[in-house]
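# Overview (structure and organization)
Okay, here's what each chain looks like letter by letter:
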Amino acid sequence: MKIKKNIATSENGFIFNPSTGDSFSSNPIGAEILLFMKSGKTSLEIKEIILENYEVEPAQLERDWEDWLLQLKDANLLDL
Amino acid sequence: MKLRYERPYLKKMNVGVMNKFGSRSDFQPVKFIDGVSVKSLTDKYGSPVFVLSERQIRKNYQSAVRSFNTRYPKVQFAWSYKTNYINAVCNVFHQEGSWAEVVSGFEYHKAIGNGVAGNHIIFNGPEKKEADLKLAIENDSLIHIDHFEELYKLIDICEALNKKPRVAIRVNMDTGIYPLWDRFGFNYENGQAWNAILKIVGLGKMQLVGLHCHIGTFMLSTSAYAIATSKLCDLAMKCKNQLQNPIEYLDLGGGFPSTNTLKGSYLPGVDTVPPIDDFAEAITTTILGYGFQQNELPMLILETGRALIDDAGYLLGSVIANKQLSDGRRATILNFGVNLLFTSFWYDHHISPAQDFTHYTEETILYGPMCMNIDVIRESINLPLLSPGDLVVVHKVGAYNMTQWMQFISTRPAVVLIDETGQTHEIRQAETLKYMEIPESVPVHLQHKK
Ligand SMILES: Cc1ncc(COP(=O)(O)O)c(C=O)c1O
């Protein structure tokens, strides 16, 4: 699951898709995950980092991860 | 220390909207109700659970009474049982001095059970059974006649019992508010109400002591009450002058709005709803200006329901799951639905999370857990990001929900009253399967073999 190459993201959660002109904003954890995704980390690696740093159960994260990917797909930000 | 987690969330920004997430500074978690923590309430009594504030009920009552008795010498409130007839709730009103207003034998017996004096019970409604009418006559209750059928039935009963009950007629009328509630009572404009009065007074089997109307509910127009009052005054004057039958009381019914926000209205209820003072002003100035002599001023009765209790009630519940719908909209499933929150058909209920959250919000649909499509609590609401297990507080649910709730696919939850010292009391236990099955019986040939 990769983020489209031309998507611009910033650390404070601002996201811009130049091909559609759409912009998005995300909460801090979303911004963090986006940066990881852009840097080429795999889903597994990212989830490990989150589990290490945040107070969350693996099962909860797993569910939210599915949901997150749906949001990205919906926003047309994923390279399918 | 690990960081506080929040699920990752993305929101599309509309061009031209500068504020990232809209201004949502009005969001505050609601962690306490009258000083009692929401979490402790659900821990102790389960989720969902209805919570009522005794302090708020009394405050509402006292302030409504003040609105009227600072303007008019003879005022009496009668608690509308159907609005919330949990006995503890009724007794708060009765302790404050309220009579009872009932619309069925069931409610009538509840009022008697709560120790209300028979002559302080107003018996309204289109369906009064013969046995209930007889009891009401024996108890000297105030019977408000709804239609001619009932009038004739009462005449028969009076003859059989050889009693002369105190009665009123319910009058319906054009107050400029549509649709007219003309299915209840006798119409003013077409002369039906006057005919009923002539019949009652002429036959002499009953004492016509009052005139009643209830022009609608969640009424936003104070002038409608002025019109209704003047039409009742007109009938009262005619009773006195033409029939030598002075009227002892005018009952203006209920109908004052609570501060809930009606569905589809642009502004929140708190900003649009006239205060009770304005209704009191419209009603009392009309009576005082009508030309009654000081010693003949009728008593003014009010059957106010929702305005006295809506904002004293809360529904606490939990988030079950979040979803994304096929069209991309977000949805949140809660552990209560329209089965418990009947009023979500009318209101956009204000809902607050009961725990801390960040300033990120999303627009979501709130669904209940019923397996039916109409089970929607809010079609669209902007809320902080909620996670499964999070608690939410629904505000202003004190009126009609605890009487119109449906027992569908699960049992109804507990109702808790927080008294004025902050003590909690379970005033109605959560229903159980066993309780639900008490009235059932299975014929022998259908019983399963153990
Ligand atoms: C006869 C009568 N009185 C009083 C009420 C209470 O009305 P509200 O809750 O609008 O004040 C009702 C409600 O339907 C009613 O039918």
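Quick notes on the rules
Residues numbered from 1 in each chain as written. Chains lettered and ligands numbered in written order. Predicted model: local features only at pLDDT ≥ 70, side-chain atom pairs only at ≥ 80, totals over all residues. Heavy atoms only, no water. Helix = DSSP H or I, 4+ residues; strand = E, 2+ residues; numbered from the N terminus. Rg over C-alpha atoms; globule rule 2.2 N^0.38 Å. Buried < 20%, exposed > 50% of the residue type's maximum accessible area, 1.4 Å probe, protein only. Contact = heavy atoms within 4.5 Å. Areas by Shrake-Rupley, 256 points an atom, 1.4 Å probe, with all protein chains shown as cover. Lys, Arg positive; Asp, Glu negative; His and termini not counted. Charge placed at Lys NZ, Arg CZ, Asp CG, Glu CD. Patch = residues over 30% accessible without salt bridge, like charges linked within 9 Å, V, L, I, M, F, W, Y side chains within 5 Å. Salt bridge = Lys/Arg side-chain N within 4 Å of Asp/Glu carboxyl O. Near = heavy atom within 4 Å. Polar contact = N/O pair within 3.5 Å; in protein donor to acceptor, adjacent residues only side chain to side chain. Nonpolar A, V, L, I, M, F, W, Y, C, P; charged D, E, K, R; others polar. Domains from an automatic or database assignment. Buried area = accessible area lost by both parts, 1.4 Å probe. Pairing = 2+ DSSP bridges.

A separate point is the overall build of chain B. Along its length, chain B carries 13 helices and 21 strands. For chain B, the C-alpha radius of gyration of 25 Å lies close to 22 Å, the compact-globule estimate for 450 residues. In terms of its C-alpha atoms, chain B occupies a principal-axis envelope of roughly 85 × 70 × 45 Å. Per-residue burial for chain B yields a buried fraction of 53% across its 450 residues. At a minimum sequence separation of 6, the contacts of chain B that also span at least 24 residues come to 69%. Per element, the accessible surface of chain B, about 20100 Å² overall, is 52% carbon and sulfur. When the 44 basic and 46 acidic side-chain charges of chain B are each reduced to a single mean position, those positions are 5 Å apart.

What follows covers a nonpolar patch on the surface. A contiguous nonpolar patch, built from F345, W346 and I374 of chain B and spanning about 270 Å² of accessible area, is present on the exposed surface. With respect to the helices and strands, I374 of chain B occurs in the loop between β17 (361-367) and β18 (376-384).

So, about the pattern of salt bridges. As enumerated under the stated definition, the model contains 27 salt bridges over all chains in all. Notably, a salt bridge pairs E96 of chain B with R58 of chain B, separated by 2.8 Å at the nearest N-O pair. Here E96 of chain B is found in helix α3 (residues 87-96), whereas its partner R58 of chain B is found in helix α2 (residues 54-69), with 38 residues between them in sequence. A relative accessible area of 11% places R58 of chain B in the buried class. Ionic pairing is found between E431 of chain B and R428 of chain B, a salt bridge with its closest N-O pair at 3.2 Å. Salt bridges sharing partners connect three or more residues here, namely D67 of chain A together with R7, R330 and E362 of chain B.

Here we take up the site of the ligand. Residues and elements named next belong to chain B. Around the ligand, the surrounding shell holds 15 residues, and the nearest of these are T217, G255, E303, G305 and Y400. In the environment of the ligand, an oxygen atom lies 3.2 Å from a nitrogen or oxygen atom belonging to the side chain of K82. Compared with its free state, where it exposes 390 Å², the ligand has 92% of that area covered by protein. The residue makeup of the shell around the ligand, split by class, is 1 nonpolar, 9 polar and 5 charged.

Quick look at the domain arrangement of chain B now. Residues and elements named next belong to chain B. Domain boundaries assigned for chain B yield domain 1 (32-51 + 311-432) and domain 2 (54-306). One C-alpha centre belongs to domain 1, the other to domain 2; they are set 33 Å apart. Each partner contributes residues to the interface: domain 1 has 24 residues there, and domain 2 has 25 residues. In total, domain 1 and domain 2 occlude about 2300 Å² of area from one another, counting both sides; carbon and sulfur atoms represent 50% of this. The largest share of the area that domain 1 buries against domain 2 comes from Y347, Y400 and E420, three residues that together contribute 27% of it. Among the ionic pairs, D348 bridges to K263, the shortest N-O distance being 3.8 Å. Inspection of the domain 1/domain 2 interface yields 12 residue pairs in polar contact (both at pLDDT 80 or more). For the side of domain 1 that touches domain 2, the secondary-structure elements that each account for two or more residues are α12 (401-404), β20 (415-418) and β21 (424-428). Element by element, the count of residues in the side of domain 1 that touches domain 2 is highest for β20, at 3 residues.

Across the contact, 20 residues belong to chain B and 31 residues belong to chain A. Carbon and sulfur atoms make up 55% of the surface buried where chain B meets chain A, a total of about 2300 Å² over both sides. Looking at the side of chain B facing chain A, the largest losses of area belong to Y5, P8 and L10 of chain B, adding up to 33% of the total buried there. With a closest N to O distance of 2.9 Å, R330 of chain B and D67 of chain A form a salt bridge. Taken together, the links from chain B to chain A amount to 13 residue pairs in polar contact (both at pLDDT 80 or more). The element best represented in the side of chain B that touches chain A is strand β1 (residues 10-13) of chain B, accounting for 4 residues.

Residue and element names in this part refer to chain B. Following the sequence through the fold, I215 ends up in the loop between β11 (207-212) and α8 (222-243). With a relative accessible area of 9%, I215 lands in the buried category. Taking C-alpha positions, I215 is 8.1 Å from L252, a pair spaced 37 residues apart along the chain. Once you skip the residues sitting within four places of it in the chain, I215 turns out to touch T175, W181, A224, Y225 and A228.

Residues and elements named next belong to chain B. Relative to the assigned elements, A193 resides in helix α7 (residues 192-203). For A193, a relative accessible area of 0% corresponds to the buried category. It is 11 Å that separates the C-alpha atoms of A193 and A236, two residues lying 43 residues apart in sequence. Once residues lying within four places of it in the same chain are set aside, the contact partners of A193 are I169, V171, F186, N187, Y188 and L235.

Across the sheet, which stays open at both edges, the 4 strands sit in the order β2(A)-β3(A)-β4(A)-β1(B) with antiparallel pairing between neighbours. Edge strands, defined here as strands with exactly one partner in the open sheet, are β2 (8-9) of chain A together with β1 of chain B. In terms of strand pairing, strand β3 (residues 14-17) of chain A meets strand β4 (residues 22-26) of chain A through 4 bridges, oriented antiparallel. Looking at β4 of chain A, one finds that F16 of chain A is bridged to S23 of chain A.

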